[in-house]
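Residue-level structure breakdown
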Amino acid sequence: MRKCSLSKIDLLFAEIAKTQSLYMPIDGADGRAVYSKWQAGKAWSSALNTVKSPKNFFFPHTEELANFKTAGKTIEIIDVRAEAEDFVVFGVRACDAKSFDILDRVFLTDPVDSFYASRREHGVIITTACNRPTETCFCTTFGIDAAEPAGDISTWKTGGELYLKANTEKGEALLAALEGVTEAADDAAVRAEKENIRKIMKKLPLADVKADAFGGGKTKQYFDDPAWAALSESCLGCGTCTFVCPTCQCYDVKDFNTGRGIIRFRCWDSCMYSDFTLMAHGNNRNSQKERFRQRFMQKLVYYPENNDGIFGCVGCGRCLAKCPISMNIVKVMKTLGGKN
Amino acid sequence: MNMREETLIPKIGVITDVRQDTPDIKTFRVVTPDGKKAFDHRPGQCAMLSIPGVGEAMFSITSSPTHTEFMEFSI
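Residues numbered from 1 in each chain as written. Chains lettered and ligands numbered in written order. Predicted model: local features only at pLDDT ≥ 70, side-chain atom pairs only at ≥ 80, totals over all residues. Heavy atoms only, no water.

Considering the sheet that holds strand β2 (residues 25-31) of chain B
Residues and elements named next belong to chain B. Strands sit in the order β1-β2-β5 across an open sheet of three strands; the sheet is antiparallel. If you trace the sheet from one side to the other, it starts and ends with β1 (14-22) and β5 (71-74), each paired once. The average angle at which neighbouring strand axes cross in this sheet is 20 degrees, direction not considered. Pairing of β2 with β5 involves four bridges; the strand directions are antiparallel. Bridge pairing in β5 links Arg29 to Glu72. (Pairing = 2+ DSSP bridges. Helix = DSSP H or I, 4+ residues; strand = E, 2+ residues; numbered from the N terminus. Axes fitted to C-alpha atoms, helices over the stretch in contact; angles between N-to-C directions.)

And the structure:
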């Protein structure tokens, strides 16, 4: 274990930033934390989490896939891929760190998505334990420990120090490079802080939310539940949930003619939209109820069924905070699962 | 960069025949630029077909897999 005094943390950040881009939650003009590029003078936000998840680092809003040039009846396909540059994402919470595992299972299984893979290979993730989890947090529901976040390096803020522990080869390499700005440390303070965090997690209002009633093999049990009608009644189909969610990963592929050539790109899409996966015969989900149901069945039943029981939700609480009509996955779980 | 195989980047196909099967269905015969069948397929499988500038969409491969020289799409 290593440590760095919080009063000297800028030296740590500067050392990392010497050789690669460093990103972390930084307060924007509106006071809300946003993942931004660190520069001297910028302060690491003390907010519990960012409004949008860090999935953008590996799965950006828009991504150029290829270019086309056409001349008469011939087409030229131009591969525009470039190796990603090394970068570090600092201050990731346990929930968001878990979301990368969930996205990996989608993008890194055969056929591998080379765009995502390149970013994942070049990104180093430094997580931070949550000193003050809040009332919208429920990562423990899905087996995530806010006190022990995953990542290449895990960190803990306590007693005026930042403690750092490497978990992977990438993490060890980075921590070794930071020897000049860190000192050796024992883990006593970290163990005490973990205890504190776990005590807080147990007392949170959502601590009793259980996922036991859900998982693979439960499609028949929940698909025709009459409760979906009431649950989805107010849903606007705005897509905010899919936008802020760390695990949502649907995208659309589109072409854009610049006048000098054609760009094929992908961009985030939302299953909450009425034209999502529109097909020649129409759509397979024609009501908001069906779209709403699909999203939650995906996270609570279909994803675990296809992924060794791992749920498609990490309990980050962003949907609780952001849905304009106050619907969220906890309400869905309590309404449906309570009938067991 | 990275010459990793990438399924999101399409390959070029050459239309060697267009057959008007019904007033609103045409069948397109497609091969690779060097005249071969693009890939082996099984009945019921589909392919993403692209027109640059328009986009891509999924279409059933309507020819039999037993044809080893070409692939057809009835659209």
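Some points on the side chain of Gln288 of chain A
Residue and element names in this part refer to chain A. In this fold, Gln288 is placed in helix α9 (residues 288-306). Looking at Gln288, the relative accessible area reads 17%, which means it is buried. Among the polar contacts listed, one links the side chain of Gln288 to the side chain of Arg291, at a separation of 3.1 Å. (Buried < 20%, exposed > 50% of the residue type's maximum accessible area, 1.4 Å probe, protein only. Polar contact = N/O pair within 3.5 Å; in protein donor to acceptor, adjacent residues only side chain to side chain.)

Considerations on the state of the cysteines
Residues and elements named next belong to chain A. A complete count under the given rule lists zero disulfides over all chains for this structure. Free cysteine: Cys130, not disulfide-bonded; nearest cysteine sulfur from Cys95 at 6.2 Å. Residue classification places Cys130 among the buried residues on the basis of a relative accessible area of 7%. In this model Cys238 remains outside any disulfide bridge; the closest cysteine sulfur is found in Cys323, 6.3 Å from its own. (Disulfide = S-S within 2.5 Å.)

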